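Here's the letter readout for the chains.
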Amino acid sequence: MTLVKQRDIYDLLIKGVERSARTSSPTLVSLSKRISFADPLSFFALQRDHRFYWEDADGRASICGIGETYRLVAEGRNRFAEIETKRRELFQHAVIDADADATATGPLFAGGFAFDPDRPKTPLWQHFPDAELVMPTFMVTRAEHTWLTINVLVDQHTDPSQTADKLSEERDRLVQQASVATIAGQPLPAFTVTEIAADEWKRAVAEAASSIREGVIDKIVLSREIRLSADRPFTAGEVLRQLREQQRNSHLFAYVKKENCFIGASPERLVQKRGSEIRSACIAGTAPRGKTKHEDEAIGEQLLRDKKNLHEHKLVVNMIGEAMKGVCTQVQLPECPTLYKVKNVQHLYTPVAGKALPDTSVVPFVGELHPTPALGGWPQRQAVEKIREMEPYERGWYGSPIGWVDYKGDGEFAVAIRSGLLQGNDASLFAGNGIVGDSEPESEYRETQLKFRPMLSALGGEC
């Protein structure tokens, strides 16, 4: 990988073509420049078939990519290692002009992973492989400044002049269109909601709780689905705008493949890597928000003392803490949880931090941490097997890592909860609960209803 500083994309293309001729293989060329264009969400609103959006819960970075320059795909249990190997291979000979100190600029891949690669595929998730991360052709990043990145793959036969002209024209057209794009005030479609096997889900909760009391397993997370049917297609850009307004302190994500958009606002960071700094979060244990400040504080205090939720949270803390100790140094893990409050619910929360080993990418951390007990259960293998047996549908990318990784190995992945899959006029929304020995089916069912609210509200339903 070569980092250079050049005048424009033409100079980089010449270097890339020369590099490709020497290596006899395609070469990635990437240029990032600061621009005055402000909001990546306007870029996302351009309605291209292949695009993604990411906004971190800290409000420090938002990213939108359009088009596809390179795609990483892997299937099966070894998907994390395969993705990392392919990522490193692509960047080995790349020609890159980027500010190495700027967040989420330069060439990066964005996408996600399936929850369980051993689960048989269903039509709902047929367009989403076990692992897929895409490098966009054009990308806008807003962090410390606003940047536009162009990524292109060249070979020894590429004409630098023609390619530079084509990329520059398309870049200028996209920026112009985005500068006048409307991302506010678009009407939301009306829709009906259909419950999917709610009674069967409650029976599964009772069965899981019984198994836990008998010592078969410590915890299992059971999720369920509801389906929406609208009078016209859902618009991903407007849904994202609603989520950004309504679900502060959450990671926003959207991954679009033609008529399919996996979208959500997750409160749960799986892992973030910036340089040698590694951060994760343990989020498990849920209660509603109060209608008044006093009621909200009282509910929060009760959650901090609730034995069921504390036990559930402790399983997550133990697992993530041990996983972090295995892949990094100087792990910092507070002894007691605090509260993490989002619009509709509040959670028990314990942050985790550590130092990454040299030349380490964020991707191996993702593989080590997924699935945490917050989305799978514990012990991990037995819990995933139980989920496969007891849930009547394929989770696909729900409850899985979604995020981005760049050419330096830095990046961030969230756990894809509070999410839904939009498909034209239809949508499937997902929510799950951690089941322990004293879980009660009706109470767990009501909690999933709370967890559906963020997406239902963003889609235009009652909050």
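The text that follows walks through the structure, step by step, so that each part is easy to find. Small disclaimer: the values here were computed from a predicted structure and weren't measured.

Position of Ile 9 relative to the elements: it lies in helix H1 (residues 9-23). Spatially, the C-alpha atoms of Ile 9 and Phe 128 are 33 Å apart, while their sequence positions differ by 119 residues. When neighbours within four sequence positions are excluded, Ile 9 is seen to be in contact with Val 29, Leu 31, Ala 164, Leu 167 and Ser 168.

With that out of the way, let us pick up the pattern of salt bridges. Evaluated as defined, the whole model comprises 38 salt bridges. Here Glu 442 makes a salt bridge to Lys 202, at a shortest N to O gap of 3.0 Å. Of this pair, Glu 442 sits in helix H11 (residues 441-458) while Lys 202 is found in helix H5 (residues 198-213), placing the two residues 240 residues apart along the sequence. Close ionic contact of Arg 241 with Glu 238 constitutes a salt bridge, the shortest N to O distance being 2.7 Å. Placement of the pair is Arg 241 and Glu 238 together in helix H6 (residues 236-246), with a separation of three residues, close to one helical turn.

Let us now look at helix H4 (residues 160-179). Over its 20 residues, H4 extends 28 Å from the first C-alpha to the last, a length consistent with the 28 Å expected when each residue adds 1.5 Å. Within the sequence span of H4, burial applies to Pro 160, Thr 163, Ala 164, Leu 167, Ser 168, Leu 174 and Ala 178. Angularly, the buried residues of H4 cover 135° about the axis, an arc narrow enough to put them on a single face. Along H4, the residues that are exposed and aim more than 90 degrees away from the buried face are Gln 162, Lys 166, Glu 169 and Gln 176.

This next bit is on the nonpolar core. Of all hydrophobic cores here, the largest spans 81 residues; its most connected members are Leu 222 and Phe 262. Membership of the second largest hydrophobic core comes to 48 residues, among which are Cys 64, Val 95, Val 256 and Phe 452.

Moving on, we come to the side chain of Asp 116. Looking at the element boundaries, Asp 116 is found in the loop between strand S7 (108-113) and strand S8 (131-135). When its relative accessible area of 9% is taken as the criterion, Asp 116 is described as buried. For Asp 116, the side chain forms a polar contact with the main-chain nitrogen of Asp 118, separated by 3.0 Å. At 2.7 Å, the side chain of Asp 116 and the side chain of Arg 388 are in polar contact. Contacts of Asp 116, omitting those with residues within four sequence positions, involve Val 384 and Arg 388.

Conventions and cut-offs
- Residues numbered from 1 in each chain as written.
- Predicted model: local features only at pLDDT ≥ 70, side-chain atom pairs only at ≥ 80, totals over all residues.
- Heavy atoms only, no water.
- Helix = DSSP H or I, 4+ residues; strand = E, 2+ residues; numbered from the N terminus.
- Contact = heavy atoms within 4.5 Å.
- Salt bridge = Lys/Arg side-chain N within 4 Å of Asp/Glu carboxyl O.
- Expected span 1.5 Å × (residues − 1).
- Buried < 20%, exposed > 50% of the residue type's maximum accessible area, 1.4 Å probe, protein only.
- Arc of directions from axis to C-beta.
- Core = buried A, V, L, I, M, F, W, Y, C linked by side-chain atoms within 4.5 Å.
- Polar contact = N/O pair within 3.5 Å; in protein donor to acceptor, adjacent residues only side chain to side chain.

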